Amino acid sequence: MKPEVPRHLAELLGRSGAFVRRRIVVNQAHLARYRNRHTKYVAVSGSSAKTTVCSMLEHILSGVGRTEAQISSNTMPAIAPFVRTVSGECDFAVVETAIGAVDRMKHLARLIRPDIAVLTMIELEHKKEMPDLDIIAREKGYLVEYMSPSGVAVLNADDERTAGIAQRANGRVVTFGRAAASDYRAVEISAGYPDRL
């Protein structure tokens, strides 16, 4: 007769197996990213507007070359399998990234190594997990820190934390916004129902 495994040990073994499976997928994704280093990765993060920006970029880049995108499901359990399966013929990969806890972005950024890193804004949408804007900015900054040395960081000049994030960029920095110092400046913006933006 086979001895029965204690319940707590069975649960531990089950969790260990799940961890090992996740690590295998992440390691395969790292290998795939290296293999597809010709593919230009565009990673978008920020406290809001990520999905809209990614959808627009996917649409625009599709007119230039083969484009694949991972939008909405924006954490490692969804991003690693996406990176692992990006086609070798893909010209562009657009990836929406988010953080649910401290140090999560560091692992995503190391995997993606974006050629273009876009940060939309730093706000308190992550209040439960990270109640401090400086912590959020530090986490989001990993995206530009781990980007390709030939890459471009696209940062919001209207966000006061942009200067600190720009210093961490591993490549060139361009800014957008309403601020006079923006590289790409929005002027004469109006919105009022029923008129269009």
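A quick note: this is a predicted structure, and the numbers were derived from the prediction, not measured.

Moving on: the overall build of the protein chain. When its secondary structure is counted, the protein chain shows six helices and seven strands. Element order for the protein chain, N to C, with α for helix and β for strand: α-β-α-β-α-β-α-β-α-β-α-β-β. For the protein chain, the spread of C-alpha atoms along the principal axes amounts to about 80 × 40 × 40 Å. Burial status across the protein chain gives 39% buried among its 197 residues.

Counted according to the given criterion, the structure contains one aromatic pair. Plain terms: the ring middles of Y142 and Y146 are 6.2 Å apart, the flat faces sit at 35° to each other, and that makes the pair tilted. The positively charged end of R168 is found above the aromatic ring belonging to Y142, 4.9 Å away from the centroid.

Another aspect to go through is a nonpolar patch on the surface. Taken together, F19, V20 and I24 make up a surface patch of nonpolar side chains, about 270 Å² in accessible area. Note on placement: V20 falls in helix α1 (residues 7-35).

Helical geometry note: an α-helix holds 3.6 residues per turn, so side chains three or four residues apart project in the same direction. Here helix α5 (residues 133-145) contains 13 residues, and its C-alpha end-to-end distance of 18 Å stays within 8% of the 18 Å for a straight helix at 1.5 Å per residue. Taken together, the buried positions of α5 are occupied by I136, A137, E139, K140, G141, Y142, L143 and V144. Against β1 (40-45), α4 (104-112), β4 (116-119), β5 (152-156) and α6 (162-167) lie the buried residues of α5. With a side-chain oxygen positioned 2.7 Å from the backbone nitrogen of D134, the residue opening α5 is D132.

For the structure on display, the rule yields eight salt bridges. Across the pair D115 and R33 runs a salt bridge, and its minimum N-O distance is 3.6 Å. Separated by 82 residues along the polypeptide, D115 in the loop between α4 and β4 and R33 in helix α1 bring together distant segments of the chain. Both residues of the pair, D115 and R33, count as buried. Note that R66 and E68 form a salt bridge whose closest N and O atoms lie 3.6 Å from each other. For R66, a relative accessible area of 39% corresponds to the partly exposed category. Overall, E68 belongs to the buried group, its relative accessible area being 17%.

Phi at A49 is positive, roughly 75°, even though this residue is not glycine. Here A49 shows up in the loop between β1 and α2 (50-62). Note on A49: relative accessible area 39%, which makes it partly exposed. Positive phi, normally seen in glycine, also occurs at D103, with a value near 75°. The topology assignment puts D103 in the loop between β3 (92-96) and α4.

With 13 residues, α2 extends 18 Å from end C-alpha to end C-alpha; this agrees with the ideal 18 Å at 1.5 Å per step. Among all positions in α2, only K50, V53, C54 and L61 are buried. Looking down the long axis of α2, one finds its buried residues gathered within 95° of arc, a one-sided arrangement. Exposed and facing more than 90 degrees away from the buried side of α2 are T52, H59 and I60.

Side chains of nonpolar character tend, in soluble globular proteins, to be buried together. Counting residues in each nonpolar core, the largest one holds 32 residues, and the members touching the most others are Y41, I79, V83, L143, V144 and I165. Elements with a contribution of two residues or more to this core: α1, β1, α3 (76-85), β3, α4, β4, α5 and β5. The contacts of Y41, once residues within four sequence positions are left out, are R33, V83, V86, A93, V95, I112, P114, D115 and I116. Grouped together as the second largest cluster of nonpolar side chains are eight residues, V53, C54, L61 and V94 included.

Basis of the calculations
Residues numbered from 1 in each chain as written. Predicted model: local features only at pLDDT ≥ 70, side-chain atom pairs only at ≥ 80, totals over all residues. Heavy atoms only, no water. Helix = DSSP H or I, 4+ residues; strand = E, 2+ residues; numbered from the N terminus. Buried < 20%, exposed > 50% of the residue type's maximum accessible area, 1.4 Å probe, protein only. Phe/Tyr/Trp six-rings, centres within 6.5 Å; stacked < 30°, edge-to-face > 60°. Lys NZ or Arg CZ within 6 Å of the ring centre and 35° of its normal. Patch = residues over 30% accessible without salt bridge, like charges linked within 9 Å, V, L, I, M, F, W, Y side chains within 5 Å. Areas by Shrake-Rupley, 256 points an atom, 1.4 Å probe, with all protein chains shown as cover. Salt bridge = Lys/Arg side-chain N within 4 Å of Asp/Glu carboxyl O. Expected span 1.5 Å × (residues − 1). Contact = heavy atoms within 4.5 Å. Polar contact = N/O pair within 3.5 Å; in protein donor to acceptor, adjacent residues only side chain to side chain. Arc of directions from axis to C-beta. Core = buried A, V, L, I, M, F, W, Y, C linked by side-chain atoms within 4.5 Å.

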